Amino acid sequence: MDREVWRRAAYRILHPAPWLPAVLLLVSFPLAFYFLGLGDSSSWIACTVYPLAAYSLTALCVGLPDAIAHLRTSVRESRLVRKLGSTETARRMACDGDFRRSAVMLRGIADNAVYAAFRFFTGLRLSSVWLLSIAFYCAALAALKACVAVCFRRAAERSDRTEYERRCMEKISRLVLLLNVPMGVMIFRMVMKNSSYNYPGSMIYLSALHTFYTAVVSIINFVGMRAGTGALVHGAKMIDCISASMSLLGLQTALLARFSPDDIEYRFMMNALTGAGVFVLVIIFSVRMSVYSKKIRNEGNSR
């Protein structure tokens, strides 16, 4: 009985009324950042604000899945979504797997292209060879993704679809490995020169937001890959992971320049470790694509 009482009490604490964590978050978080800026951790107000901020964030995270499920149900039942769902495009998105995968690939191409343009204009403004090299690399990844999308559309019309996708994936894996060579040289140059480029204004926060978005999407897609996934879909998700890792490296150099401008040794160590990690990761993804393609070929020969 006592255990059940404690369980109910804990549930009520972690699942309060929906308005309570929202109000506490709006009040406690600004105050928490204010006291952190002052370096105050001993006054009774600060000692009250910090636990309230932690509790409101915890309650918000615990209740987030239920809130998302409720929001999803409300959106699906709304008049606008029902009207949009009756269109031909929406029906194809729901029922046609190839059409849905093509749309996801187009989204990835647009994302890489926008990020490449952002890096290009930022590199021109800061006269940064490193940022320009990232821009050209991301533009090359967008071109590779476009090739994957074109091959995917052509494969849907062929009788030897599996074999055609496998051949295309082998070529894509070689191109990824080839692109990694000049990028590795630029990473080595950036590390040895200990280059640092500080974004003007709030650009660094926009870059961080984009990196977080691409990392989350690529991880979800990578973890959600199933056995039997088509070769080109597999390759497109690998390219998304490569793009996210390169975005992470670019963000790290900017963050270190902004928040550790005087710690040269630490900046050198972190850029060297992350740069080497990204370089090796791209090689691993390229080899993985090649191995996956050979696996498909062996399965075809054994039939």
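In short, a report on the structure. Here the structure is a predicted model, which is why all the values come from computation and not from measurement. (Residues numbered from 1 in each chain as written. Predicted model: local features only at pLDDT ≥ 70, side-chain atom pairs only at ≥ 80, totals over all residues. Heavy atoms only, no water.)

### Remarks on the nonpolar core
Rule in force here: Among the buried residues, those of types Ala, Val, Leu, Ile, Met, Phe, Trp, Tyr and Cys that are joined through side-chain atoms within 4.5 Å form a nonpolar core. Relative accessibility under 20% of the residue-type maximum defines a buried residue, over 50% an exposed one, and the middle range a partly exposed one, all with a 1.4 Å probe and only protein chains included. For the purposes of this entry, the term helix denotes a DSSP run of H or I that reaches at least four residues, the term strand denotes a run of E that reaches at least two, and both are numbered from the N terminus.
In terms of nonpolar packing, the biggest core is built from 42 residues, with Trp130 and Met183 touching the most fellow members. Broken down by secondary-structure element, the contributors of at least two residues to this core are α6 (97-126), α7 (129-155), α8 (161-193), α10 (231-259) and α11 (264-302). In terms of residues, this core owes the most to one element, α7, which gives 12 residues. By size, the runner-up hydrophobic cluster in this structure holds five residues, among which are Ala32, Phe35, Ala46 and Ala53.

### So, a nonpolar patch on the surface
Inclusion rule: Patch membership requires over 30% relative accessible area and the absence of a salt bridge. Like charges are linked within 9 Å, and nonpolar side chains (Val, Leu, Ile, Met, Phe, Trp, Tyr) within 5 Å. Accessible surface is estimated by sampling points in the Shrake-Rupley manner with a 1.4 Å probe; for residues, cover comes only from the protein chains shown. By convention in these notes, a salt bridge is any Lys or Arg side-chain nitrogen within 4 Å of a carboxyl oxygen on Asp or Glu.
A contiguous nonpolar surface patch, about 520 Å² in accessible area, is contributed by Trp19, Val23, Leu26, Val27 and Leu31. Within the secondary structure, Val27 sits in helix α2 (residues 19-38).

### Digging into the packing of helix α9 (residues 203-223) against α10
Between two packed helices, what matters for the description is the angle formed by their axes and the separation of those axes. How we decide: Angular values range over 0 to 180 degrees, each being the angle between N-to-C directions of two axes fitted as lines to C-alpha atoms, with helices fitted over their stretch in contact. Just so you know how the angles are binned, under 35 degrees is roughly parallel, over 145 roughly antiparallel, 65 to 115 roughly perpendicular, and the rest oblique. Take the far helix as the reference: if the near one is turned anticlockwise from it by less than a right angle, the crossing is left-handed, and if turned clockwise, right-handed. When checking whether two residues touch, look at their non-hydrogen atoms; a contact exists if any pair is within 4.5 Å. When residue character is reported, Ala, Val, Leu, Ile, Met, Phe, Trp, Tyr, Cys and Pro are called nonpolar, Asp, Glu, Lys and Arg charged, and the others, Gly included, polar.
Close contact between α9 and α10 brings their axes to 9 Å; oriented N to C, the two are set at 150°. The angle between α9 and α10 places the two elements in the roughly antiparallel class. By crossing handedness, the relation of α9 to α10 is classed as left-handed. Across the interface between the two elements, Ile204, Tyr205, Ser207, Ala208, His210, Thr211, Thr214, Ala215, Ser218, Asn221 and Phe222 from α9 touch Lys237, Met238, Asp240, Cys241, Ala244, Ser247, Leu248, Leu251, Ala254, Leu255, Arg258 and Phe259 from α10. Its residues assigned to classes, the contact of α9 with α10 comprises 13 nonpolar, seven polar and three charged.

### Thoughts on the packing of aromatic side chains
Definition in use: A pair of aromatic rings is counted whenever rings of Phe, Tyr or Trp (Trp by its six-membered ring) have centres within 6.5 Å, and the orientation is called stacked for planes under 30 degrees apart, edge-to-face for over 60 and tilted otherwise.
In total, this model carries three aromatic pairs according to the counting rule given. Geometrically, the ring pair formed by Phe120 and Phe121 is edge-to-face, given 5.5 Å between the ring centres and 75° between the ring planes. For Phe121, a relative accessible area of 56% translates into the label exposed. Both rings, one in Phe120 and one in Phe136, keep their centres 6.1 Å apart while their planes meet at 75°; by these two values the pair is edge-to-face. Residue Phe120 is located in helix α6, and its partner Phe136 is located in helix α7; the two are separated by 16 residues in the primary sequence. Of the residues examined, Phe120 reaches a relative accessible area of 30% and is grouped as partly exposed. Given a relative accessible area of 55%, Phe136 falls into the exposed group. Each member of the aromatic cluster is reached from another via a ring pair, and the members are Phe120, Phe121 and Phe136.

### Some remarks on the packing of α8 against α10
Where α8 contacts α10, the two axes come as close as 10 Å, and the packing angle between them is 10°. As judged from the angle between their axes, α8 and α10 are roughly parallel. Within the contact between the two elements, α8 uses Glu165, Arg166, Cys168, Met169, Ile172, Val176, Met183, Ile187 and Met190 and α10 uses Ala231, Leu232, His234, Gly235, Ile239, Ile242, Met246, Leu249 and Thr253.

### Things to note about the environment of Cys168
Along the chain, the position of Cys168 falls in helix α8. Taking the C-alpha atoms as reference, Cys168 lies 7.0 Å from Cys151; in sequence the two are 17 residues apart. Beyond its immediate stretch of four places on either side in the chain, Cys168 contacts Cys151 and Leu232.

### Thoughts on the pattern of salt bridges
Under the counting rule described, the total for this entry stands at five salt bridges. For Arg167, the salt bridge goes to Glu163, with nearest N and O atoms at 3.8 Å. One end of the pair, Arg167, and the other, Glu163, are both in helix α8, four residues apart, so they sit about a helical turn from each other. The exposure class assigned to Arg167 is partly exposed, which follows from its relative accessible area of 32%. Overlapping salt bridges, with partners in common, bring together Glu163, Arg166, Arg167, Glu170 and Arg174 in one network.

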